[in-house]
Amino acid sequence: MEIRDLLNEYEFPGDDTPIIKGSAYVALMSDSKDPNAPEYACIHELMDAVDEFILVLQTRREKLLLQVLRCSERLLTMLRQATT
């Protein structure tokens, strides 16, 4: 059975999902210090596919931080107006 067929069978987008061939073990065991060495190519390809395929949603923590910053900004504005 093909990987894409298996993904489709379990209702994942198998036809749209990037499939990357390579070996993380080979990259891990490599003695090369060059990040562009051929044994690392599949890792770079995988990370590029992750960046393109997986959506990054704004987390609750980021939303909370933005709210705190806006509140702090308003408070500073009010304090400046009170002291002038």
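Residues numbered from 1 in each chain as written. Predicted model: local features only at pLDDT ≥ 70, side-chain atom pairs only at ≥ 80, totals over all residues. Heavy atoms only, no water.

## Brief notes about the overall build of the protein
Next up, step 1: Along the backbone of the protein there are four helices and zero strands.
Next up, step 2: Put simply, the protein runs from its N terminus to its C terminus through helices and strands in the order α-α-α-α.
Next up, step 3: What you see for the protein is a C-alpha radius of gyration of 23 Å, clearly larger than the 12 Å of a compact globule of 84 residues, by over 25%.
Next up, step 4: Dimensions of the protein, computed from C-alpha atoms along their principal axes, come out at roughly 70 × 40 × 15 Å.
Next up, step 5: Here the protein holds 84 residues, and the buried ones make up 10% of them.
Next up, step 6: The contacts of the protein with a sequence gap of at least 6 include a subset with a gap of at least 24, amounting to 23%. (Helix = DSSP H or I, 4+ residues; strand = E, 2+ residues; numbered from the N terminus. Rg over C-alpha atoms; globule rule 2.2 N^0.38 Å. Buried < 20%, exposed > 50% of the residue type's maximum accessible area, 1.4 Å probe, protein only. Contact = heavy atoms within 4.5 Å.)

## Notes on unusual backbone geometry
Next up, step 1: With a phi angle near 65°, Glu11 is a residue other than glycine that sits in the positive phi range.
Next up, step 2: Residue position: Glu11 is located in the loop between helix H1 (3-9) and helix H2 (24-29).
Next up, step 3: Judged by relative accessible area, which is 75%, Glu11 ranks as exposed.

## What to know about a negative patch on the surface
Next up, step 1: Negative charge collects at one region of the surface, where Glu2, Asp5, Glu9, Asp15 and Asp16 lie side by side.
Next up, step 2: Take Glu2: it is sitting in the segment before H1. (Patch = residues over 30% accessible without salt bridge, like charges linked within 9 Å, V, L, I, M, F, W, Y side chains within 5 Å. Areas by Shrake-Rupley, 256 points an atom, 1.4 Å probe, with all protein chains shown as cover. Salt bridge = Lys/Arg side-chain N within 4 Å of Asp/Glu carboxyl O. Lys, Arg positive; Asp, Glu negative; His and termini not counted. Charge placed at Lys NZ, Arg CZ, Asp CG, Glu CD.)

## Re a nonpolar patch on the surface
Next up, step 1: Together, Ile43, Leu46, Met47, Val50, Phe53 and Ile54 make up an exposed nonpolar region whose accessible area comes to about 470 Å².
Next up, step 2: Judged by relative accessible area, Ile43 falls into the partly exposed class, the value being 31%.

## Topic: the side chain of Thr17
Next up, step 1: Along the chain, Thr17 turns up in the loop between H1 and H2.
Next up, step 2: Filtering out sequence-adjacent residues up to four positions away, Thr17 remains in contact with Arg4, Leu7 and Phe53.

## Re the environment of Phe53
Next up, step 1: Within the secondary structure, Phe53 is located in helix H3 (residues 41-53).
Next up, step 2: According to the relative accessible area criterion, Phe53 is partly exposed, its value standing at 37%.
Next up, step 3: C-alpha of Phe53 to C-alpha of Tyr40: the two residues are 13 residues apart in sequence and 20 Å apart in space.
Next up, step 4: Once residues lying within four places of it in the same chain are set aside, the contact partners of Phe53 are Pro13, Asp16, Thr17 and Pro18.

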